[in-house]
Structures are given as C-alpha cells and as structure tokens.
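# Notes for the structure review
Listed below, chain by chain, are the residues.
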Amino acid sequence: MFGGLATAPVNSPHLRKSGSRAVVSDFGDEVGNDVEEDFLQTEANGVKNSSTTMSTVDIMPSPVLLWRFKVLLFFIWGFICCKVGWDSVMRMSADLRDLFLYEAFLYYNPLLLVTMMVWLWGVNLWVFAQSNVNYVKIFDLDQDHLTHREVWKCATWMTIIVPTSMTAYLYLYSHGEVSLAASQPVLLYIAVAMILIFPFDIFYLSSRYYLLRTLWRIVLPLQAISFSDFFLADILTSMAKVFSDLERSVCRMVHRQVATIAWFEADSVCGSHSVAIPLVLVLPYLFRLFQCLRQYKDTREKTALFNALKYSTAVPVIFLSALKYHVLPGSWTNFYRPLWLLSSVLNSLYSFYWDITRDWDLSCFTRIFKFNRPHLCSYLFHGRRWVYVWVIGSNLILRCTWTYKLSAHLRHNYLTVFAITVLEMLRRFQWAFFRVENEWNKMNSKSNIQLSEKDNTNEEAQSLISNDHNV
C-alpha cells in the first residue's frame, strides 16, 4: 500500500488452496497468483524428483542380479588363471617342471592356507551369530569388530590377489622374464605386511591392530592371559607348517634365490636341511607353553601345568625328526627313530584326550548349532548323535596325521604335506565351535552363580532387617 514489500503469514486467509476460488484482497491479485505459481512449481518439482528417483531405481540392478554377476566374473577369472597357469607350466621342460612347481608352491601355499583359514573363520562367526553364543563378549571385541560378512569380503580379495600373483609368476617365468617373475612373490609379501601395519583408518584399522596386539601378547605373555590370547595361539599351532614355509620363502627372497635353483642343495642356507625349519615349527608350541606357565602363575591351577605338559610333548617330535639329517643312518634307525615314534604317539594321544575332556564339553548335546531361526544347518547338526561320532573320530585320526607335518624328514612330498595341513585346519575349524561354546557355558555358569550369591545376600539382609523390626 505504501510502496514497500508486503509479507503474508503462512496461515493468512489470503492464501488459498489449489483449486479454490480466487481471493480478492487489498494486496491485489498479484499475491494470490504468485502463491499459486510457487505451489504449482513446487508440485512440479516434486513430481520431477519422484520420477527421477523411480527412474534411478529402475536403472539400478537388483542385489540378487548383481551378486550373480559378481559370481560369474569370479568364475571367469578363475578359469583364466587356471588356463594361463596350465599353459605356462606346459611350456617348461619336463625335468624343470617339478622343481619349478615345488618352488612356486612354496612361495604361495602359505598365503593360500591363510586365505582358507580366513574363510573358515567367517563360517565360525556366521554360526556364532545364528546361535545364542555371544562371541563378542567371549573375545572382548569392540563395536567396530568384523562381522562374518566383512571377514568373507577380506577372504574374497585374498582369494583373488594370491592366485593372480601366482599366475603372473608362472607366466613370466615360462616366457623368459625371470627377473619380473622373481618380483611377484616379493611384492605380494611386502603388500601383505604393509596392509597389516598400515597406520591410517582404512582396511579395518581397529581389527588389524586388535590382531597385532593379540599376536604381541602371544609372543610376550607378560600379562594375564585372555581367552582370545590362547585361542589364537592354539590356531597358530595348527599353522606351524605355514610359518615354516614362510621362513624358507623369506630366506630365499633375502638371499635372492627366487626363480633360481640355488636352493636345490639341501645343505644350503635355505635348503630342506636348515636348522631354522624345526626352530620355526616349534615356536607356536613354545608360545602356548609359556602362556600355560603364565596362567599357572596367576591362578595356581594345576590344570595349567598339565596343559603346558601337553604342548611340551610336541618338542621332541619336531627335533627328533630333524636329527635324521645330522646323525648317522644307523643311529637314526636304531635309536632316534623309535624315540620319534614314541614321542609322536604320546603327543597325539595326549592332545586328543585334552580336546575331548578339557577343551570341549560333550557331556550333553551341544547347542552351538541351535539357530535362532529355522535353518538347514541347524536341522542337520543340532542334536544329532552322528555329529559327536564324527567329531571324536576325525579329531583322533587328524591328531595322528598331524605328526606327519611336524616331522621334517617326512616332508619331501609337498602335496601330501599340503593336504594334511588343509585337514588340520579343518580339524581346528570344527574344534573352534565346541571350544567357544564351552567357554560361553562357563561364562554363563559363573554369571548364574554370582546372581544366586547376590540373591542370597539380599535375602539374608532382608531377614536381618525383619528380625530387627521384630525385636
């Protein structure tokens, strides 16, 4: 009216809804028309945005289709690696083929076995998540811990990277690029080490540091032993062969023997008769032995001493086997070999007894496979008697065959040793189910006892108060 800008409140009667009669006011028709145009503009933008969202949703593939596409790419990649690797091996002469495959297998089988263990650990976590076992509380994990899906994602990338590097190694060597071939395992090992110690908040920093801290506590048990400490240490005993091959691989890389036959002499610095082999094999058992002694120091429980004795029985198995290359053949056959056989039987039976009576609780049907929702695995495994027969029988057999891997003088057939190592990891995989469940049952029983003691204390206090009132 006075030439200034007029502002109408939101609830002004001069604003009309779309479709109603026009309102005549002192402001003139401009305000009503402007409001109507703004409303129509907003409505048009809303329709446009919704149509854009719908078109985007229509363009994006479904998760199932995307997953199938990834699986298809994975199988295509696997076929290409197998085809290139096979053609590369067939290009070599027959006399060098076995030696070359043995060397390539030495560099890559440790990481392949670690990849397999990561896959199996993801399956363990999936079963724990489906059942009532609170593994987060058992292992004292933080909120950023890896779930089974994230563990499988890591295992998938490991499954892709390690065979790809191995295929490149085979291809480059068979085509005469020896120096480039020799760099493939070296670069892979450096990349793995860098990812583990990478200090920035990527690649699951908290989980990587949790693993490194636990490994450090295993190497130097200067503090009270937690469940995660000796659980991981037990897994490391099953991977002793992996660490032995890692040592020999790094030894050849340091001495620049990769993609050569300089290591072929058994008595060379990185040969099969090296004293470093039994030393590395025995380290996981010594770590576990020191943990048991530390546990006895803290708790004064004699069970810890008997557990330490179990791990000490692996020491003569390893070193008596290594003596074959450093004593006369007659001494080995008449004296050291019978001692080795006796120590092997003792270690296998003692370890089997401890698994059944201490690490596991088979006094009743396990509840580890009782899932919260109906599932085929729960139907097949929960409450089935054959599960216990299988677990006990396979554990006994694989405990005995594991001695084969610990014995350096039996490791000339690397494919047999690799198969036995795979079986040992499968044994440890099934061992983890019952060991974690046993720990969960112990934690629940302790909490129940504490609650009952607290209730008894409250009842006594209430009775004393009532007696005081009566007096």
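In what follows, the structure referred to is the one given above.
Here the structure is a predicted model, which is why all the values come from computation and not from measurement. (Residues numbered from 1 in each chain as written. Predicted model: local features only at pLDDT ≥ 70, side-chain atom pairs only at ≥ 80, totals over all residues. Heavy atoms only, no water.)

### Quick word on the nonpolar core
As a reminder, the rule being used: Residue types Ala, Val, Leu, Ile, Met, Phe, Trp, Tyr and Cys, when buried and joined through side-chain atoms within 4.5 Å, form a set referred to as a nonpolar core. Buried means the residue's accessible area, taken with a 1.4 Å probe over protein chains only, is under 20% of the maximum for its type, while exposed means over 50%, and partly exposed covers the values in between. In this text, helices come from DSSP runs of H or I with a minimum length of four residues, and strands from runs of E with a minimum of two, each type numbered from the N-terminal end. Contacts: residue pairs with any heavy atoms within 4.5 Å of one another.
In terms of nonpolar packing, the biggest core is built from 38 residues, with Phe-128, Phe-231, Phe-433 and Val-436 touching the most fellow members. Counting residues per element, this core draws most heavily on helix H16 (residues 414–470), at 9 residues. Residue contacts for Val-436: discarding those within four places in its chain leaves Phe-128, Val-133, Ile-138, Phe-139, Phe-227 and Phe-231. Of all hydrophobic cores here, the second largest spans 19 residues; its members include Tyr-107, Leu-111, Ala-182 and Leu-188.

### Here we look at the packing of aromatic side chains
Heads up, the condition is: The pairing test for Phe, Tyr and Trp rings, Trp by its six-membered ring, is centres within 6.5 Å, and the orientation test on the planes gives stacked under 30 degrees, edge-to-face over 60, and tilted for anything in between. In this analysis the charged atom, NZ for Lys or CZ for Arg, is taken to sit over a ring once it is within 6 Å of the ring centre and within 35 degrees of the ring normal.
According to the stated counting rule, one finds 21 aromatic pairs in the structure shown. With a centroid separation of 5.8 Å and 50 degrees between ring planes, the pair formed by Trp-121 and Phe-231 is classed as tilted. Remark: Phe-231 occurs in helix H8 (residues 227–238) and Trp-121 occurs in helix H3 (residues 94–130); sequence separation between them is 110 residues. Taking the relative accessible area as the measure of exposure, Trp-121 reaches 26% and is therefore partly exposed. Classification of Phe-231 as buried rests on a relative accessible area of 4%. Arranged with centres 5.0 Å apart and planes meeting at 70 degrees, the rings of Phe-429 and Phe-433 form a pair that is edge-to-face. In this pair, Phe-429 and Phe-433 are both assigned in helix H16, 4 residues apart and thus about one turn of the helix distant. Each member of the pair, Phe-429 as well as Phe-433, is classed as buried. Put simply, the rings of Trp-121, Phe-128, Tyr-135, Phe-139, Phe-227, Phe-230, Phe-231, Phe-429, Trp-431 and Phe-433 touch in pairs and so form one group of aromatic residues. The ring of Trp-354 carries the charged tip of Arg-358 above its face, separated from the ring centre by 5.6 Å. The ring centre of Trp-431 lies 4.4 Å from the NZ or CZ of Arg-428, which sits over that ring.

### Describing the side chain of Asn-438
Heads up, the condition is: Here a polar contact is recorded for every N or O atom pair within 3.5 Å, except that within protein the pair must consist of a potential hydrogen donor and a potential acceptor, and residues adjacent in sequence are included only if both atoms are side-chain atoms.
Within the secondary structure layout, Asn-438 lies in helix H16. For Asn-438, a relative accessible area of 6% corresponds to the buried category. At 3.0 Å, the side chain of Asn-438 forms a polar contact with the backbone oxygen of Asp-359. Setting aside residues no more than four positions away along its own chain, Asn-438 makes contact with Arg-358, Asp-359, Trp-360 and Asp-361.

### Remarks on the pattern of salt bridges
Filter applied, for reference: Salt bridges are identified by distance alone: a Lys or Arg side-chain nitrogen within 4 Å of an Asp or Glu carboxyl oxygen.
All told, the structure shown has 11 salt bridges when counted by the stated rule. Among the salt bridges present, the one from Asp-298 reaches Arg-294, with a minimum N-O distance of 3.1 Å. Separated by 4 residues within a single helix, Asp-298 and Arg-294 lie in helix H10 (residues 276–299), roughly one turn from each other. Here Arg-399 makes a salt bridge to Asp-355, at a shortest N to O gap of 3.0 Å. Here Asp-355 lies in helix H13 (residues 329–359) and Arg-399 lies in helix H15 (residues 385–406), a separation of 44 residues in the sequence. The burial state of Arg-399 is the same as that of Asp-355; both residues are buried. Each of the salt bridges in this network shares a partner with another, and the network as a whole consists of Asp-355, Arg-399, Glu-424 and Arg-427.

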